[in-house]
Amino acid sequence: PVVFDALVSLWETNVLDREIVPRHGLAQYRYRVTDRLACSLADAILLDTEAHIAWFRAAFGVPAQKLHRLWVGADDELMTPCDASAGDGRFTAFFYGSFIPLHGVEHIIGAAKRVQVDDPEVRFVLCGSGQTLPAVRRLTASEGVSNVEFLGQRPLPELRRLICAADVCLGIFGTGTKARSVIPNKVFDALACGRPVITGDTPAVREAFTHGEDIWLCTAGDASALANAITTLRADAGARARVAKAGHELFKRQFSIDALAADVSRTLLDVLERRR
């Protein structure tokens, strides 16, 4: 039996989300055929959310019985709970990523601009590099945003330190189809470390989390909504601690290596049983 850990569609990623190749032509056709062929040859396909599964069914005609949800999760041998005193005293909102369109980093910059007017002591730390970084840097400069720090790429152990130094960790805020269908690993990393997470309110994230209990949600693509979420949690240390604790407990139950290993085992046993 063949189990295909798809994670994402090559066609959606390169054509619709990142727009690396045009929507018409041989390049996009190659990606689409690759996705269809991989799905057709697999006995089971792993995807991270039911929303993503629904998209694959509609886009590639994959039979429902082939598709299995497996959360992305995090490496909890590396992303371990933080010491309560990890920060330096200044309120920090932290984002890391590969700066691809679904992240919606431009909305983080818009939120930073709004926050700096009312609370200049809040800082935004952005780690990583990628496709949209040059445009994000230009936007930051042109809008006169002075409370954003760009760190570039950092090794994984330092990434954990930066997560632990943050008061809130930021997820994704894009509005495209892919952004509505996935829960990024940065969300699970922060939960594994026991930090409160703010991310865009999407069907995918609602599958796993509850706003105000184990995560803090805001309207995706809305810089004002993100700014309000940050200022609300800044003003309420109790809410930050409550959301962080509940998020970490949920992570241990559903998204840890042990929990995901059990999910994979059930999927493999199901595939073997169906092949007999």
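None of the values given here were measured: they were computed from a predicted structure.

Asks: Explain the state of the cysteines to me, using residue names and the numbers behind them.
Replies: The full count for this structure, using the stated rule, is one disulfide. Disulfide pairing places cysteine 82 opposite cysteine 164 at an S-S distance of 2.0 Å. Negative torsions about the S-S bond denote left-handed disulfides, and the value of about -75° found for cysteine 82 with cysteine 164 makes this one left-handed. Of the two residues, cysteine 82 is situated in the loop between strand E3 (67–69) and strand E4 (92–96) and cysteine 164 in helix H6 (residues 156–165); the sequence distance between them amounts to 82 residues. For the pair formed by cysteine 82 and cysteine 164, the shared burial category is buried. Free of any disulfide, cysteine 193 has its nearest neighbouring cysteine sulfur in cysteine 82, separated by 4.5 Å. Looking at cysteine 193, the relative accessible area reads 1%, which means it is buried. Between cysteine 218, a free cysteine, and cysteine 169, which holds the nearest cysteine sulfur, the sulfur-to-sulfur gap is 14 Å. By relative accessible area, which is 6% here, cysteine 218 ends up buried.

Asks: Go over the packing of helix H2 (residues 26–41) against helix H3 (residues 50–60), please, and point to the residues and values.
Replies: When two helices pack together, their arrangement is given by the angle between their axes and by how far apart the axes lie. At a minimum axis distance of 11 Å, the contact between H2 and H3 shows a crossing angle of 110°. Relative to H3, the element H2 lies roughly perpendicular. Each of Arg32, Asp35, Arg36 and Cys39 in H2 lies in contact with H3, whose residues at this interface are Phe56, Ala59 and Phe60. Tallied by class, the residues present in the contact of H2 with H3 amount to four nonpolar, no polar and three charged.

Asks: Give a detailed account of the sheet that holds strand E6 (residues 148–152), specifying residues and quantitative values.
Replies: What holds strands together in a sheet is hydrogen bonding between their backbones, with the strands either parallel or antiparallel. Here six strands make up an open sheet; going across it, the order is E6-E5-E4-E7-E8-E9 and the pairing parallel. Whereas interior strands pair on both sides, the edge strands pair on one side only; in this sheet they are E6 and strand E9 (216–218). Ignoring strand direction, the axes of neighbouring strands in this sheet form an average angle of 25°. Across four bridges, the pairing between strand E5 (residues 123–127) and E6 is parallel. Residue phenylalanine 124 lies in a different strand from E6, and its bridge partner there is valine 148. The sheet contacts of helix H4 (residues 105–118) involve E4, E5, E6 and strand E7 (168–170), and relative to E5 the element is tilted by about 160°.

What counts, and at which threshold
Residues numbered from 1 in each chain as written. Predicted model: local features only at pLDDT ≥ 70, side-chain atom pairs only at ≥ 80, totals over all residues. Heavy atoms only, no water. Disulfide = S-S within 2.5 Å. Helix = DSSP H or I, 4+ residues; strand = E, 2+ residues; numbered from the N terminus. Buried < 20%, exposed > 50% of the residue type's maximum accessible area, 1.4 Å probe, protein only. Axes fitted to C-alpha atoms, helices over the stretch in contact; angles between N-to-C directions. Parallel < 35°, antiparallel > 145°, perpendicular 65-115°, else oblique. Contact = heavy atoms within 4.5 Å. Nonpolar A, V, L, I, M, F, W, Y, C, P; charged D, E, K, R; others polar. Pairing = 2+ DSSP bridges.

Everything listed here is a matter of coordinates, which is why it stays silent on function.
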